[in-house]
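Single-letter residue listing:
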Amino acid sequence: DPKIIQKPKYLVAVTGSEKILICEQYLGHNAMYWYRQSAKKPLEFMFSYSYQKLMDNQTASSRFQPQSSKKNHLDLQITALKPDDSATYFCASSQDGWGVDEQYFGPGTRLTVL
Amino acid sequence: GEQVEQRPPHLSVPEGDSAVIICTYTDSATAYFYWYKQEPGAGLQLLMSVFSNVDRKEEQGLTVLLNKKDKQLSLNLTAAHPGDSAVYFCAVSGGGGADRLTFGKGTQLIIQP
């Protein structure tokens, strides 16, 4: 059974619209993350949450808003979509303990903005 | 901020040979090092994690070497087989908890049958 679920797997949106990317993890982890992978840039960190609190935000635009309704959920709302937002968005989670804190990744949501 | 350079971007080796991927990082405070494998259309699979007090770690045909003096991290796949064909990423972080990973740009590895 998949331990990190991302929905949907593929998403097509029109410019200016709003979408929510879903992430749920069943690893019992306390920290969750969002990363983005596009053709133009390598894998880049977006947000990190620990115990449902925002820890780090590397996303300059307020159009990207993470939402944590439960400890094992971290959704990503994207508003006013632009073609440059087209990318694969990966959710990850980790224990958030001392020492090596291994991050495990979900299968990703591939977003295409037309 | 931290920057990670990864080389080579593409690597093709015959089956049974070894493949070596190298990453260089900039921040001497970096303490945690990871290698991931990504197959087409899939997420990232964690291969190995290394803390900075380790110079060498071996697991299941993979060897990670860490040279802190030169700020260099390498992954050696010994006796590669076609199932090893994928994109490999190194990643580093400074802290242990809920800390961002900074990734290299990836190496497309092709194992020729």
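Residues numbered from 1 in each chain as written. Chains lettered and ligands numbered in written order. Predicted model: local features only at pLDDT ≥ 70, side-chain atom pairs only at ≥ 80, totals over all residues. Heavy atoms only, no water.

1. Section: the overall build of chain B
So, step 1. Secondary structure assignment for chain B yields 0 helices and 11 strands.
So, step 2. For chain B, the succession of helices and strands along the chain, N to C, is β-β-β-β-β-β-β-β-β-β-β.
So, step 3. Computed over its C-alpha atoms, the radius of gyration of chain B comes to 13 Å, within 12% of the 13 Å expected for a compact globule of 113 residues.
So, step 4. The principal-axis extents of the C-alpha atoms in chain B amount to approximately 40 × 30 × 20 Å. (Helix = DSSP H or I, 4+ residues; strand = E, 2+ residues; numbered from the N terminus. Rg over C-alpha atoms; globule rule 2.2 N^0.38 Å.)

2. Describing unusual backbone geometry
Among all residues except glycine, the phi angle is most often negative; among peptide bonds, the trans geometry is most common.
So, step 1. The omega torsion across Lys7(A) and Pro8(A) is -10 degrees, close enough to zero to call that bond cis.
So, step 2. Following the sequence through the fold, Pro8(A) ends up in the loop between strand S1 (4-7) and strand S2 (10-13).
So, step 3. In this structure, Pro8(B) follows Arg7(B) across a cis peptide bond, with omega equal to 0 degrees.
So, step 4. If you trace the backbone, Pro8(B) turns up in the loop between strand S1 (4-7) and strand S2 (10-14).
So, step 5. In this structure, Gln52(A) is a non-glycine residue whose phi angle is positive, near 70 degrees.
So, step 6. For Lys71(B), which is not glycine, the phi dihedral falls at a positive 55 degrees.
So, step 7. Structurally, Lys71(B) can be placed in the loop between strand S7 (62-67) and strand S8 (72-77).

3. Considering the interface of chain A and chain B
So, step 1. With 25 residues of chain A at the contact, the number on the chain B side is 21 residues.
So, step 2. Summed over both partners, the interface of chain A with chain B comes to about 1800 Å²; 56% of that surface belongs to carbon and sulfur atoms.
So, step 3. The largest contributions to the chain A side of the interface with chain B come from Leu43(A), Val100(A) and Phe105(A), which together make up 28% of the buried area.
So, step 4. Where chain A packs against chain B, one counts 1 salt bridge.
So, step 5. The salt bridge partner of Arg100(B) is Asp56(A), with a shortest N-O separation of 2.9 Å. (Contact = heavy atoms within 4.5 Å. Buried area = accessible area lost by both parts, 1.4 Å probe. Salt bridge = Lys/Arg side-chain N within 4 Å of Asp/Glu carboxyl O.)

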